[in-house]
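# Structure at a glance
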Amino acid sequence: MNHKALYQPLYHHATPHGVLTAVALPPEPKPVPTSILDQLAEEEAAHAADLRGFRQVQFVGGRLALRHAAAQLGMRLPAAMPDDRGAPVMPPRIVGSVSHKHSIAVGMVARSNGRTLGVDIEEYEPARMGIAPKILRPEELATIEAMPEENRWLALLLRFSIKESIYKALDPYVRRYVGFHEAFVEPDLEGGARVELHLANGETGFEVDARYAWLEGRVLTSVRIGRTQPSSDS
Ligand SMILES: CC(C)(COP(=O)(O)OP(=O)(O)OC[C@H]1O[C@@H](n2cnc3c(N)ncnc32)[C@H](O)[C@@H]1OP(=O)(O)O)[C@@H](O)C(=O)NCCC(=O)NCCS
């Protein structure tokens, strides 16, 4: 993956939920060069100039990834500034979501069709089985504990990542912190997952479609959420 220049697209990936673009990030939190900031919308570049360290690197990488993904769909994005809850604001009828890890940022963009989008990327290593009780509902924990030990971490990581994608796709509807125990996730063997929401505030009427893929030592997940029925929750 290091053959490509920093802040340039590593790959584009057509997914059932939209176009995903991955951008290479530097391993050190050096200030982002002006030549790179110039590739962002003016307002994004001004926002990035106020950020420091990895936060600046990640913000810039995420926005570049969104921009390149949109270009794959023939769209030129206006500035995708963070809203009051931290989500990138997209133009009407377009949805987009961002995730970053140390050496990579991803952005996924799609036409919305009334549905929201969340994306998440996670590294396989290091395994952190200790997070299981925080992330999993008791019935999910029981499923994972019944697995052969060597399968448990990836089974947990997949559920963790899908839940983070759920969080991002659900936020535009509920606009509140949603805990990990508010969703049940059962991945299948074909890159999908059954998701049940158990929302603490009793919000209902969501249709959740979750996908996952293994990409170069990472898990990539995305979630699309629509409304199943008119609701007074939103
Ligand atoms: C918000 C959260 C999901 C971000 O995930 P993360 O692994 O920390 O970081 P990622 O790199 O994957 O994602 C960061 C991006 O998420 C996006 N984001 C942040 N807040 C968001 C929100 N409320 N809604 C949608 N997207 C949001 C932003 O684009 C951000 O990148 P940017 O600031 O550079 O634009 C996470 O920090 C969090 O709070 N998780 C706990 C809650 C949870 O996941 N519950 C599960 C419910 S089932």
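Residues numbered from 1 in each chain as written. Predicted model: local features only at pLDDT ≥ 70, side-chain atom pairs only at ≥ 80, totals over all residues. Heavy atoms only, no water.

### Observations regarding the site of the ligand
Residues in close proximity to the ligand total 22 residues, the closest being Arg55, Arg63, Ser99, His100 and Glu164. One nitrogen or oxygen atom from the side chain of Arg63 is found 2.6 Å from an oxygen atom belonging to the ligand. Note that an oxygen atom of the ligand is positioned 2.6 Å from one of the side-chain N or O atoms of Glu164. Relative to its unbound accessible surface of 930 Å², the ligand loses 83% to contact with the protein. Every element with two or more residues in the shell around the ligand is listed here: helix H3 (53–72), strand E3 (94–101) and helix H6 (149–174). The element that contributes the greatest number of residues to the shell around the ligand is H6, accounting for five residues. A per-class count over the shell around the ligand returns nine nonpolar, four polar and nine charged. Counting contributing residues, the shell around the ligand receives three or more from each of domain 1 (9–113) and domain 2 (119–227). (Near = heavy atom within 4 Å. Polar contact = N/O pair within 3.5 Å; in protein donor to acceptor, adjacent residues only side chain to side chain. Areas by Shrake-Rupley, 256 points an atom, 1.4 Å probe, with all protein chains shown as cover. Helix = DSSP H or I, 4+ residues; strand = E, 2+ residues; numbered from the N terminus. Nonpolar A, V, L, I, M, F, W, Y, C, P; charged D, E, K, R; others polar. Domains from an automatic or database assignment.)

### Thoughts on the pairing of strand E5 (residues 116–123)
Burial within E5 is extensive, with seven of its eight residues counted as buried. The pairing of E5 with strand E9 (residues 218–227) spans eight bridges and is classified as antiparallel. Note that in E9 the partner of Thr116 across the bridge is Ile225. (Buried < 20%, exposed > 50% of the residue type's maximum accessible area, 1.4 Å probe, protein only. Pairing = 2+ DSSP bridges.)

### Comments concerning the pattern of salt bridges
Taken as a whole and assessed by the stated rule, the structure comprises 14 salt bridges. Put simply, Lys101 and Glu122 hold a salt bridge, and the shortest N to O gap is 3.9 Å. With a gap of 21 residues between them, Lys101 in strand E3 and Glu122 in strand E5 connect regions that are remote in the sequence. Each member of the salt-bridge network shares a partner with another, and the members are Asp83, Asp84 and Arg175. (Salt bridge = Lys/Arg side-chain N within 4 Å of Asp/Glu carboxyl O.)

### Comments concerning the sheet that holds strand E1 (residues 9–15)
A sheet is described by the order of its strands in space; here four strands give the open sequence E1-E2-E4-E3, paired in antiparallel fashion. Lying at the two open borders of the sheet, with one neighbouring strand each, are E1 and E3. Averaged over neighbouring strand pairs, the angle between their axes works out to 15° when direction is ignored. Direction of pairing for E3 relative to strand E4 (residues 104–111): antiparallel, over a ladder of eight bridges. (Axes fitted to C-alpha atoms, helices over the stretch in contact; angles between N-to-C directions.)

### Notes on the domain arrangement of the protein
Interface extent is often summarised as the accessible area lost during association of the parts. Looking at the protein, the domain boundaries give domain 1 (9–113) and domain 2 (119–227). For domain 1 and domain 2, the distance between their C-alpha centroids amounts to 23 Å. Here domain 1 meets domain 2 over a buried area of about 1,600 Å², counting both sides, of which 55% is carbon and sulfur. A per-residue breakdown of the area domain 1 buries against domain 2 is headed by His17, Arg85 and Lys101, which together make up 40% of the total. Our count for the contact surface shared by domain 1 and domain 2 stands at four salt bridges. Two residues, Arg175 and Asp83, come together in a salt bridge whose shortest N-O distance is 3.8 Å. Those elements that provide at least two residues to the side of domain 1 that touches domain 2 are E1, E3 and E4. For the side of domain 1 that touches domain 2, the leading source of residues is E3, giving five residues. (Buried area = accessible area lost by both parts, 1.4 Å probe.)

### Here's the deal with the pairing of E1
Pairing of E1 with strand E2 (residues 18–24) involves six bridges; the strand directions are antiparallel. Within the sheet, the bridge partner assigned to Tyr11 lies in E2 and is Ala22. If you look at the hairpin formed by E1 and E2, you'll find two residues sitting between the two strands.

### Overview of helix H2 (residues 42–49)
Three or more residues of H2 are buried, namely Glu44, Ala45 and Ala48. Seen along its axis, H2 keeps its buried residues to an arc of 100°; they face one direction. Contact partners of the buried residues in H2: helix H1 (34–37) and H3. (Arc of directions from axis to C-beta. Contact = heavy atoms within 4.5 Å.)

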